[in-house]
Amino acid sequence: MKAIKSIDDIRKRVKSLREDGKTIGFVPTMGALHEGHLSLFRLAQQHADEVVASIYVNPEQFAPGEDFEEYPRELDDDLAKCKEEGVAAVFAPSDNIMYSGRQYLSIEVDELNKYMDGGSRPGFFEGILLIVNKLFNIIEPDIAVFGQKDIQQFRILQQMVKEFNHDVQLVMGPIKRANDGLALSSRNAYLDAEQRKLAPGLYRSLQYVSKQIEEGAKNIQLLLDHQKSELEEKGFKIDYLNLFSFGTMAPVEEIEYDNKYLLAGAVYLGETRLIDNCIIEK
Ligand code: PAF
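*Asks:* Outline a negative patch on the surface, supporting the account with residue identities and numerical values.
*Replies:* Together, Glu108, Asp110, Glu111 and Glu163 line one region of the surface with negative charge. With respect to the element layout, Asp110 can be found in the loop between helix H4 (95–98) and helix H5 (116–120).

Here it is in structure tokens:
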């Protein structure tokens, strides 16, 4: 399987699939594909006739000092995995193609961006909106699949689709986990053996608090503070660990009925940033 590099060529490929009467499911990725991505391809196959993937490490969503240079790039392996999964086409453009010439326009995100990853990584979601907006305009998929691990991304993209009138249905794929509970991520490759053993601690903390909430716990902040201290003692550096409203992505103190929440955390083990979340529906 060969990567399609140019916008014209991927448009032609998608057009010919459409001329054969196929609907298109799109899975945008940054490559270094793991079982989590493959599960998104399989989910896309349940919602559309053919799957188109993109593999592109988008420089606009990395702030200076983040891991843009180190981010794993494994195009040949990725293409073999796509072929095995029956992906119909892979769009893997270069920076010159995606950002040709000076870019005069940008997209701003309002309050949905204030906390969680948006609060900690300035410019992150603006970069994501820019690239996904471009990709949606190029591929024009019927559905697009994104993983729950990046839940704030999903929520902000939902808003983008609504406000920019993209004619696409977004589907959220559940988090894929290793046997010990660690959420699969391309960045897990940065962990050394000792950090890898510790890493599922974030999920255990989220699970513990989520269970307490299910069982009617009221003082959620106390529970979270306790989990933060435990994680810190084990060597994690906490970016955030909190309960958020799914609608507004802002922290909430209390659970109300008929609402959707997220227990979400971002932590560092050494230089590696790990994120994870559980959805809580009441
Ligand atoms: O979730 C990701 O891998 C990226 O943020 C995405 C959606 C491919 C945009 O670069």
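*Asks:* Any chance you could break down the packing of aromatic side chains for me, citing the residues and the numbers?
*Replies:* Two descriptors summarise a pair of aromatic rings, namely the distance from one centre to the other and the angle between the planes of the rings. Per the counting criterion, the structure on display carries seven aromatic pairs. Relative to Tyr99, the ring of Tyr56 has its centre 6.5 Å away and its plane inclined at 40°; by these criteria the two rings are tilted. In this pair, Tyr56 sits in the loop between strand S2 (50–55) and helix H3 (75–84) while Tyr99 sits in the loop between H4 and H5, placing the two residues 43 residues apart along the sequence. By relative accessible area, which is 6% here, Tyr56 ends up buried. Owing to a relative accessible area of 12%, Tyr99 belongs among the buried residues under this scheme. Taken together, the ring pairs connect Phe26, Phe136 and Phe146 into an aromatic cluster. The residue whose ring lies beneath Arg177 is Tyr203, and the NZ or CZ to ring-centre distance is 3.5 Å.

*Asks:* Talk me through the site of the ligand; I want residue IDs and the actual numbers.
*Replies:* Around the ligand, the surrounding shell consists of Pro28, Thr29, Met30, Asn58, Gln61, Ile128, Ile131, Phe146, Asp150 and Gln153. Gln61 places a polar side-chain atom, nitrogen or oxygen, 2.6 Å from an oxygen atom of the ligand. Between an oxygen atom of the ligand and a side-chain N or O atom of Gln153, the distance comes to 2.7 Å. Looking at the shell around the ligand, its residues break down into five nonpolar, four polar and one charged.

*Asks:* Got a sec to walk through the pattern of salt bridges? Specific residues and values, please.
*Replies:* For the structure on display, the rule yields 14 salt bridges. A salt bridge links Arg121 to Glu66; the shortest N-O distance between them is 2.8 Å. With a gap of 55 residues between them, Arg121 in the loop between H5 and helix H6 (124–139) and Glu66 in the loop between S2 and H3 connect regions that are remote in the sequence. Across the pair Arg273 and Asp117 runs a salt bridge, and its minimum N-O distance is 3.3 Å. On the criterion of sequence distance, the pair formed by Arg273 in strand S8 (residues 272–281) and Asp117 in helix H5 is long-range, its members being 156 residues apart.

*Asks:* Hey, could you go over the packing of helix H9 (residues 201–214) against helix H10 (residues 220–234) for me, with residue numbers and the actual values?
*Replies:* Running from N to C, H9 and H10 cross one another at 160°; their axes reach a closest spacing of 10 Å. Between H9 and H10, the crossing angle belongs to the class labelled roughly antiparallel. Seen from above, H9 lies across H10 with right-handed handedness. On H10, the residues touching Gly201, Leu202, Ser205, Tyr208, Val209, Gln212 and Ile213 of H9 are Ile220, Leu223, Leu224, Gln227 and Leu231. Tallied by class, the residues present in the contact of H9 with H10 amount to eight nonpolar, four polar and no charged.

*Asks:* Residues and numbers for the environment of Pro28, please.
*Replies:* By the element assignment, Pro28 lies in strand S1 (residues 24–29). With a relative accessible area of 17%, Pro28 lands in the buried category. Along the primary structure Pro28 and Gln158 are separated by 130 residues, whereas in three dimensions their C-alpha atoms are 15 Å apart. Filtering out sequence-adjacent residues up to four positions away, Pro28 remains in contact with Ser54, Leu135, Val145 and Phe146.

*Asks:* Got a sec to walk through the pairing of strand S7 (residues 260–269)? Specific residues and values, please.
*Replies:* Counting buried residues in S7 gives eight out of ten residues, a clear majority hidden from the surface. Inspection of the sheet shows S7 paired to S8 by ten bridges, in the antiparallel sense. By the bridge assignment, Leu269 is partnered in S8 with Thr272. Between S7 and S8, which pair antiparallel in sequence order, lie two residues; one of them, Gly270, sits at a positive phi of approximately 60°.

*Asks:* Give me the lowdown on helix H1 (residues 7–19), citing residues and values where you can.
*Replies:* In this model, H1 (13 residues) spans 18 Å end to end at C-alpha, consistent with the 18 Å of a helix rising 1.5 Å per residue. All of the buried residues along H1 are Ile10, Val14 and Leu17. Seen from one end, H1 has its buried residues packed into an arc of 55°, which puts them on one side. The exposed set on the far side of H1, more than 90 degrees from its buried face, consists of Asp8, Lys12, Lys15 and Glu19. In this fold, the buried residues of H1 make contact with S1, S2, strand S3 (89–91) and H6. In the stretch just after H1, Gly21 is the one whose phi turns positive, near 85°.

About the cut-offs
- Residues numbered from 1 in each chain as written.
- Predicted model: local features only at pLDDT ≥ 70, side-chain atom pairs only at ≥ 80, totals over all residues.
- Heavy atoms only, no water.
- Patch = residues over 30% accessible without salt bridge, like charges linked within 9 Å, V, L, I, M, F, W, Y side chains within 5 Å.
- Areas by Shrake-Rupley, 256 points an atom, 1.4 Å probe, with all protein chains shown as cover.
- Salt bridge = Lys/Arg side-chain N within 4 Å of Asp/Glu carboxyl O.
- Lys, Arg positive; Asp, Glu negative; His and termini not counted.
- Charge placed at Lys NZ, Arg CZ, Asp CG, Glu CD.
- Helix = DSSP H or I, 4+ residues; strand = E, 2+ residues; numbered from the N terminus.
- Phe/Tyr/Trp six-rings, centres within 6.5 Å; stacked < 30°, edge-to-face > 60°.
- Buried < 20%, exposed > 50% of the residue type's maximum accessible area, 1.4 Å probe, protein only.
- Lys NZ or Arg CZ within 6 Å of the ring centre and 35° of its normal.
- Near = heavy atom within 4 Å.
- Polar contact = N/O pair within 3.5 Å; in protein donor to acceptor, adjacent residues only side chain to side chain.
- Nonpolar A, V, L, I, M, F, W, Y, C, P; charged D, E, K, R; others polar.
- Axes fitted to C-alpha atoms, helices over the stretch in contact; angles between N-to-C directions.
- Parallel < 35°, antiparallel > 145°, perpendicular 65-115°, else oblique.
- Left-handed = near helix turned anticlockwise from the far one by under 90°.
- Contact = heavy atoms within 4.5 Å.
- Pairing = 2+ DSSP bridges.
- Expected span 1.5 Å × (residues − 1).
- Arc of directions from axis to C-beta.

These figures come from the coordinates and say nothing about function on their own.
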